[in-house]
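# Structure at a glance
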Amino acid sequence: MVHKKLKEKLSGRKFRLVLDDVWNERREEWEAVRTPFSYGAWGSRILVITRGEKVVSSMRSKVHLLKQLREDECWKVFVNHALKDGDIELNDELKEIGRRIFEKCKGLPLALKTIGCLLRTKSSILDWKSILESEIWELPKEDNEIITVLVLSYRYLPSHLKRCFAYCALFPQDYEFAHNKLYI
């Protein structure tokens with residue numbers, strides 16, 4: 001039914017669709033998703049953003065590999081998120097700890113931003129050291145370093161936000177929330 005509606009809406013019309021952070025590697029599923037989009041006008045585009053090489057091969061389309069950010073650019077992302085408004089720069093000890101945390105993020109912008117935002121709420125050197133020395137960095141990564149950073153940021157969420165997070169996790173992916181139906 002969804003395919004039929006999409007085909008009707010897109011038939012002969014030009015569109016641009018962006019699918020961000022795609023993880024599904026199954027070609028059959030991609031073909032099923034792609035079918036209704038084939039009725040769009042010439043020049044229509046589907047942009048798929050992924051870190052998975054297997055995802056790319058299942059798409060069977062043109063690939064543009066992006067270069068990783070340079071180290072100085074990564075550091076700027078990290079520092080911009082780690083510093084509070086009005087802070088000019090890190091003191092030497094925080095800078096050293098920050099550099100070591102920064103290295104653990106392996107140049108992934110989302111990891112740098114996430115851990116930077118977490119550190120923004122932590123002002124003491126002990127807090128930063130605690131994050132640096134957390135055992136979570138040692139968890140198996142299974143080809144995905146970002147999960148470690150997300151687990152770490154969840155661990156340091158205030159308890160009231162953890163409850164909210166757990167509540168929202170009960171809903172299926174892509175669930176549309178009606179604000180007047182949420183009860184916490």
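My aim in this report is to walk through the structure given alongside it, one point at a time. Just so we're clear, the structure is a prediction, and the values are computed from it rather than from any experiment.

## Things to note about the packing of aromatic side chains
This structure, assessed with the given rule, holds five aromatic pairs. Aromatic side chains Phe 15 and Phe 37 sit 5.5 Å apart centroid to centroid with 50° between the ring planes, which places their arrangement in the tilted category. One end of the pair, Phe 15, is in the loop between helix 1 (2-10) and strand 1 (16-19); the other, Phe 37, is in the loop between helix 2 (27-34) and strand 2 (45-48), with 22 residues separating them in the sequence. Accessibility expressed as a relative area gives 14% for Phe 15, which makes it buried. On the numbers, 5.3 Å between centres and 90° between planes, the contact of Trp 75 with Phe 102 is edge-to-face. Here Trp 75, found in helix 4 (residues 71-82), pairs with Phe 102, found in helix 5 (residues 92-104); they are 27 residues apart in sequence, far enough to count as distant. Of the residues examined, Trp 75 reaches a relative accessible area of 13% and is grouped as buried. Since its relative accessible area comes to 7%, Phe 102 is described here as buried.

## Quick word on the environment of Lys 106
By the element assignment, Lys 106 lies in the loop between helix 5 and helix 6 (109-120). Relative accessible area serves as the criterion here: at 45%, Lys 106 is assigned to the partly exposed category. Sequence-wise, Lys 106 and Gln 68 are 38 residues apart; in three dimensions their C-alpha atoms are separated by 9.9 Å.

The rules behind these values
Residues numbered from 1 in each chain as written. Predicted model: local features only at pLDDT ≥ 70, side-chain atom pairs only at ≥ 80, totals over all residues. Heavy atoms only, no water. Phe/Tyr/Trp six-rings, centres within 6.5 Å; stacked < 30°, edge-to-face > 60°. Helix = DSSP H or I, 4+ residues; strand = E, 2+ residues; numbered from the N terminus. Buried < 20%, exposed > 50% of the residue type's maximum accessible area, 1.4 Å probe, protein only.

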